[in-house]
Amino acid sequence: MPERGGQDTQGPIPTTADARAPRAGAAVRRTSLLVTLVLGGLTALPPLSMDMYLPALPEVTDALRSPAATIQLTLTACLAGMALGQLVVGPMSDKWGRRRPLLIGMIVYVLATAVCAFAPNVELLISFRLLQGLAGAAGIVIARAVVRDLYDGVEMARFFSTLMLISGVAPVIAPLIGGQVLRLTDWRGVFAVLTVVGVLLTVVVFRWLHETLPVERRHSGGVKEALRTMGGLLKDRVFTGYMLAGGLAFAALFAYISASPFVVQEIYGASPQTFSLLFGLNSVGLVVVGQINGKLLIGRVSLDKVLGFGLAVIAVAATALLLMTSGVFGEVGLAPVAAGLFVLMSAMGLAMPNTNAQALMRTPNAAGSASALLGTSSFLVGAVASPLVGIAGEATAVPMAVVQLASAVAALLCFLLLCRPWQREHQSPSSASGGPAPQK
């Protein structure tokens, strides 16, 4: 039976290059498990690249004899590369298929990471961190596009929830891995480990991730065609609503990631061990709620209802955090603030996978370009939100709560005003040319 809005709910297609291969149930299940592991590795690589490096920042500052602000640019460069690289790789994957751009990106990632390990000065390190981010973006954008190739409807939303199990754990274990590496070697060893991880993942992709985009569904145009496709996607009010809602929710998440070390340790006096425990608990909350979303809610409750509830919970949690940090309730300790952050983070497990699923369901023939727009918007909005959390100095957590509340309210408004789930009746999710669903 077609999904709401005329979208067919197809099961996963085989991940062989031959789209005419028989779709035996057992084979599809085995292939889906393998694809889950491969795509999970691709989604885990960016947080590993960013967060394994964090414990080494003071050592890099001393080793390269550069100011801390300059060393911070190595993080900014990697983040900017991941944002911009998706705009390039996404349309490439719609034109040439998923495997070729992904393998090229992985090879460039390995080479750039290896150069970072031997960088003699900060200028070269910044340059190749940018290239590392640009190449690593291939894994982010193509992983989402492959999910769109394989699944539709509620099955796609379930798959995104499953991927959150991996992408939610990666940021938690990455600094721990980085810290252990630093006990054995110096900061260059972190990049050496990332190089080995990149090589192994490249081999796995080459060996086991087959092409998922049939030739007949590829685009033949060049840059102009890609820009036209992206322009068409942005003109689709509903797609843009989901994209903005997801990006703004990610901004609230990024505000937490940027501010929480300072808020928890400096303002509320927690030890590094306590901060690590709370950070881990919040990530566990996100993962658990993501699994509840995928295993229990999807298929029983509409995606829009779950998404709207998740965004509302984020807004309520951010409001509570603002009231607590601004002194409305008097002097509050770490426990209430930590509880508010836990609720906010956990609700991301309802918001983030469903915004991706709902947006990509409208673009079956332009999944690469759509995935690029989704990823780039999230990274760019997150990058803007990050410096705002410290704008009022080191004595208050109010800026973090303000950024989170503003992002959450804006995400909810974009969802309600642009997506309009209560009145929307989709036509065909996409035209044959890969454009968005026509608007009434």
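Residues numbered from 1 in each chain as written. Predicted model: local features only at pLDDT ≥ 70, side-chain atom pairs only at ≥ 80, totals over all residues. Heavy atoms only, no water.

J.: How do you make sense of unusual backbone geometry when you look at a structure like this?
T.: Most peptide bonds are trans, and most residues other than glycine sit at a negative phi. Phi angles above zero are rare outside glycine, and arginine 65 is one such case at about 55°. Among the structural elements, arginine 65 can be located in the loop between helix H2 (57-63) and helix H3 (68-96). A positive phi is found at arginine 420, a non-glycine position, where the angle reads about 45°. Secondary-structure assignment places arginine 420 in the segment after helix H14 (398-419). Overall, the relative accessible area of 30% leaves arginine 420 in the partly exposed class. (Helix = DSSP H or I, 4+ residues; strand = E, 2+ residues; numbered from the N terminus. Buried < 20%, exposed > 50% of the residue type's maximum accessible area, 1.4 Å probe, protein only.)

J.: Sorry, what's going on with the confidence of the model for the chain here?
T.: Low-pLDDT portions of the prediction should not be read for the details of their coordinates. A residue-level look at the chain finds 86% of positions with pLDDT of 70 or above and a mean pLDDT of 81. Low pLDDT, under 50, characterises residues 1-31; the stretch is placed with 49 contacts to residues that sit more than four places away or in other chains. Residue range residues 425-440 is modelled with pLDDT below 50. Its contacts to residues more than four positions away, or to other chains, number 49 contacts. (pLDDT = per-residue confidence, 0-100. Contact = heavy atoms within 4.5 Å.)

J.: Help me out: how do you make sense of the packing of aromatic side chains in this one?
T.: A ring pair, where both rings are aromatic, is described by two values, the distance of the centres and the angle of the planes. In total, this model carries five aromatic pairs according to the counting rule given. The interplanar angle of 90° and the centroid separation of 6.1 Å between the aromatic rings of tryptophan 187 and phenylalanine 191 together place this pair among those described as edge-to-face. With a gap of four residues between them, tryptophan 187 and phenylalanine 191 both fall in helix H7 (residues 187-208), about one helical turn apart. With respect to burial, tryptophan 187 and phenylalanine 191 carry one shared label: buried. (Phe/Tyr/Trp six-rings, centres within 6.5 Å; stacked < 30°, edge-to-face > 60°.)

J.: Looking at this model, I keep getting lost on the environment of glutamine 132. Mind explaining?
T.: If you trace the backbone, glutamine 132 turns up in helix H5 (residues 122-150). Separated by 20 residues in the primary sequence, glutamine 132 and alanine 112 have C-alpha atoms spaced 5.3 Å apart.

J.: Please explain empty space enclosed by the protein as it appears in this structure.
T.: Rolling a probe over the atoms, with the probe sized like a water molecule, indicates the empty space that remains. Summed over all chains, the structure comprises two cavities of 30 Å³ or more. Space inside the largest cavity adds up to approximately 50 Å³. Around the largest cavity, the lining residues are Tyr256, Ser260, Val264, Phe275, Leu278, Phe279, Asn282, Ala338 and Leu341. For the lining of the largest cavity, the element with the most residues is helix H10 (residues 272-297), which contributes four residues. The residue inventory of the lining of the largest cavity, partitioned by class, reads seven nonpolar, two polar and no charged. (1 Å grid on protein atoms, 1.4 Å probe; cavity = no way out; pocket = protein on both sides within 12 Å on 5 of 7 lines; lining within 4 Å. Points joined across faces, edges and corners; volume = space filled by probe spheres on them. Nonpolar A, V, L, I, M, F, W, Y, C, P; charged D, E, K, R; others polar.)

J.: Honestly, the pattern of salt bridges in this entry has me stumped. Any pointers?
T.: Oppositely charged side chains are able to pair whenever their charged atoms sit close together. All told, the structure shown has six salt bridges when counted by the stated rule. A salt bridge links arginine 218 to glutamate 211; the shortest N-O distance between them is 3.8 Å. Overall, arginine 218 belongs to the partly exposed group, its relative accessible area being 25%. Take glutamate 211: its relative accessible area is 11%, and that puts it in the buried class. Between aspartate 236 and arginine 362 there is a salt bridge, with the nearest N and O atoms lying 2.7 Å from each other. Separated by 126 residues along the polypeptide, aspartate 236 in the loop between helix H8 (223-235) and helix H9 (237-267) and arginine 362 in the loop between helix H12 (334-360) and helix H13 (367-388) bring together distant segments of the chain. Residue class for arginine 362 comes out buried when judged on its relative accessible area of 1%. Connected via shared salt-bridge partners are Asp94, Arg98, Asp149 and Arg217. (Salt bridge = Lys/Arg side-chain N within 4 Å of Asp/Glu carboxyl O.)

J.: Would you mind going over the side chain of serine 371 with me for this structure?
T.: Examined against the element boundaries, serine 371 turns out to sit in helix H13. A distance of 2.8 Å separates a polar side-chain atom of serine 371 from the backbone oxygen of valine 141. Ignoring anything within four residues of it in the chain, the contact list for serine 371 reads Gln86, Ile140, Val141, Arg144, Ala145 and Leu360. (Polar contact = N/O pair within 3.5 Å; in protein donor to acceptor, adjacent residues only side chain to side chain.)

J.: Looking at this structure, I do not really get the environment of leucine 321. What am I missing?
T.: Tracing the chain through its elements places leucine 321 in helix H11 (residues 303-325). Residue leucine 321 is classed as buried on the basis of its relative accessible area of 0%. Through-space distance from the C-alpha of leucine 321 to that of glutamine 404 is 8.9 Å; in sequence the pair is 83 residues apart. Once you skip the residues sitting within four places of it in the chain, leucine 321 turns out to touch Val337, Gly340, Leu341, Leu344, Ala401 and Gln404.

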